[in-house]
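Structural overview for review
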Amino acid sequence: MNFALSIPLEHVFVLAVALFCIGLTGVLVRRNVMFVLMSLEVMMNACGLAFVAAGARWAQADGQIMFMFILALAAAEVAVALGIVLQLSRRFDSLDVDSADEMHS
Amino acid sequence: MESLFYIAAVTALASTVLVVTGKNASHALIYLIVSLLSVAVIFFLLGAPFAAALEVVVYAGAIVVLFLFVVMMLNLGKGSVARESAWLRPSMWILPCLLTVPLFLGLVYALSGEPVQTAAVMVGPKTVGTQLFGPYLLAVELAGILLLAALVGAYHLGRRYLSERREEV
């Protein structure tokens, strides 16, 4: 059973770039920490898509392996970042990223 | 059959836009799950079934559920949607879009070369596993250390007294 299709590699890369740019816009625009973290997840997912597509181009497993490392990185980042979100909401009673600017004079 | 890829791509793009522009955090998480599932379909069509399974299990299963736990713990009330609307004025989108749209166009221009097709060969879990625990063994160990560090960091940050001690000072 082989479900794999022959897809133009550029189309997959354009999709990955579009997802990355949407995520980057979200990181720049949003003030709520939860949405900033979700946009970061979208960006990392787009990077993983690019890796898997490049691995599928040469039918090698390396792309999937890099995707698994991105997955481990995303899991580690989310665990620490959500701990920071909990502390932020406890200390400042707000999810606004700008509420934690005490070092800014 | 190739139209499946384009359907999944459009679904991924639309749901990702809804994640970024959403006002309600739990609704945005549901849209994030839709986006991740459509990317998993694309992985499957590219011939990476193991990556597709991991996308569903780890991303949509574990990471998004972690987000949902935190959204439930924070107990965002009915005022949160109104506050998001106040924070997210339409004029705030202009400058970030001016920055990211040229980035997108530049990357698309850089990608426009001779068309290349993917190999249409399925790379199964066995191949991935032998590669992962062969040449990439050191990287697996490093990923394990990273996850351990994240576990310790998340435990430390999640403790309650970090905020209580501050009130005593």
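Above this text you will find the structure in question.
Report on the accompanying structure.

The rules behind these values
Residues numbered from 1 in each chain as written. Chains lettered and ligands numbered in written order. Predicted model: local features only at pLDDT ≥ 70, side-chain atom pairs only at ≥ 80, totals over all residues. Heavy atoms only, no water. Helix = DSSP H or I, 4+ residues; strand = E, 2+ residues; numbered from the N terminus. Rg over C-alpha atoms; globule rule 2.2 N^0.38 Å. Phe/Tyr/Trp six-rings, centres within 6.5 Å; stacked < 30°, edge-to-face > 60°. Buried < 20%, exposed > 50% of the residue type's maximum accessible area, 1.4 Å probe, protein only. Lys NZ or Arg CZ within 6 Å of the ring centre and 35° of its normal. Core = buried A, V, L, I, M, F, W, Y, C linked by side-chain atoms within 4.5 Å. Axes fitted to C-alpha atoms, helices over the stretch in contact; angles between N-to-C directions. Parallel < 35°, antiparallel > 145°, perpendicular 65-115°, else oblique. Contact = heavy atoms within 4.5 Å. Salt bridge = Lys/Arg side-chain N within 4 Å of Asp/Glu carboxyl O. Buried area = accessible area lost by both parts, 1.4 Å probe. Polar contact = N/O pair within 3.5 Å; in protein donor to acceptor, adjacent residues only side chain to side chain. Nonpolar A, V, L, I, M, F, W, Y, C, P; charged D, E, K, R; others polar.

Quick look at the overall build of chain A
Regarding its fold elements, chain A presents three helices and zero strands. Put simply, chain A runs from its N terminus to its C terminus through helices and strands in the order α-α-α. Taking 2.2 N^0.38 as the reference for a compact globule, 105 residues should give roughly 13 Å; the C-alpha atoms of chain A span a radius of gyration of 18 Å, well beyond that estimate. Principal-axis analysis of the C-alpha atoms places the extent of chain A at approximately 55 × 25 × 25 Å.

Comments concerning the packing of aromatic side chains
Evaluation of the coordinates by the stated rule reveals three aromatic pairs over all chains. Considering the side-chain rings of Phe-67 of chain A and Phe-43 of chain B, the 4.9 Å spacing of their centres and the 75° angle between planes classify their relative orientation as edge-to-face. Of this pair, Phe-67 of chain A sits in helix α3 (residues 62-92) while Phe-43 of chain B is found in helix α2 (residues 25-45), placing the two residues in two different chains. For the pair Phe-5 of chain B and Tyr-6 of chain B, a centre-to-centre distance of 5.0 Å together with 75° between the ring planes defines the contact as edge-to-face. On the accessibility criterion, Tyr-6 of chain B (32% relative accessible area) is partly exposed. For the cation-ring pair, Arg-57 of chain A lies above Trp-58 of chain A, with the distance from its terminal atom to the ring centre recorded as 4.8 Å. Positioned over the ring face of Trp-87 of chain B is Arg-83 of chain B, at 5.3 Å from the centre of the ring.

Description of the nonpolar core
Residues Met-34, Met-38, Leu-49 and Val-85 of chain A together with Phe-67 of chain B are the most contacted members of the largest nonpolar core, which totals 66 residues. When residues of this core are traced back to their parent elements, those giving at least two are α1 (9-29), α2 (33-57) and α3 of chain A together with α1 (3-21), α2, α3 (49-74) and α6 (125-132) of chain B. Ranked by residue count, the leading element in this core is α3 of chain A, at 14 residues. Core analysis: the next-biggest nonpolar cluster, separate from the first, contains five residues, Ile-22 and Val-29 of chain A together with Leu-88 and Trp-93 of chain B among them.

Quick look at the packing of α2 of chain B against α3 of chain B
Residue and element names in this part refer to chain B. Viewed as axis vectors pointing N to C, α2 and α3 meet at an angle of 175°, and their least axial separation amounts to 8 Å. Between α2 and α3, the crossing angle belongs to the class labelled roughly antiparallel. Between α2, through Ala-25, Leu-29, Leu-32, Ile-33, Leu-36, Leu-37, Val-39, Ala-40, Phe-43 and Phe-44, and α3, the contact on the second element is made entirely by Pro-49, Ala-51, Ala-52, Glu-55, Val-56, Tyr-59, Ala-60, Val-64, Phe-67, Leu-68 and Val-71.

A look at the pattern of salt bridges
Using the criterion set out here, one finds two salt bridges over all chains in the structure. One salt bridge connects Arg-30 of chain A with Glu-84 of chain B, and the closest N-O pair in it is separated by 2.5 Å. Pair noted here: Arg-30 of chain A is in the loop between α1 and α2 and Glu-84 of chain B is in helix α4 (residues 79-87), and the two residues belong to different chains. Accessibility classification places Arg-30 of chain A together with Glu-84 of chain B in one group, the buried group. Between Arg-31 of chain A and Asp-96 of chain A there is a salt bridge, and its shortest N-O distance comes to 2.6 Å. Highlighted residues: Arg-31 of chain A in the loop between α1 and α2 and Asp-96 of chain A in the segment after α3, separated in sequence by 65 residues. Relative accessible area serves as the criterion here: at 8%, Asp-96 of chain A is assigned to the buried category.

Topic: the interface of chain B and chain A
The interface is formed by 85 residues belonging to chain B together with 74 residues belonging to chain A. Buried surface at the junction of chain B and chain A, summed over both partners, amounts to about 7600 Å²; 76% is from carbon and sulfur atoms. The largest share of the area that chain B buries against chain A comes from Tyr-59, Phe-67 and Trp-87 of chain B, three residues that together contribute 9% of it. Counting across the interface, chain B meets chain A through one salt bridge. The interface formed by chain B and chain A includes 21 residue pairs in polar contact (both at pLDDT 80 or more). For the side of chain B that touches chain A, the secondary-structure elements that each account for two or more residues are α1, α2, α3, α4, α5 (94-111), α6, α7 (137-158) and α8 (161-168) of chain B. The dominant element in the side of chain B that touches chain A, judged by the number of residues it contributes, is α3 of chain B, at 13 residues. Considering only residue class, the side of chain B that touches chain A consists of 65 nonpolar, twelve polar and eight charged.

Looking at the side chain of Thr-118 of chain B
Mapping Thr-118 of chain B onto the fold places it in the loop between α5 and α6. Within the structure, the side chain of Thr-118 of chain B is placed 3.3 Å from the backbone oxygen of Leu-5 of chain A, a separation counted as a polar contact. Ignoring sequence-local partners within four residues, the contact set of Thr-118 of chain B consists of Leu-5, Ser-6, Ile-7, Leu-9, Ala-53, Ala-56 and Arg-57 of chain A together with Leu-46 of chain B.

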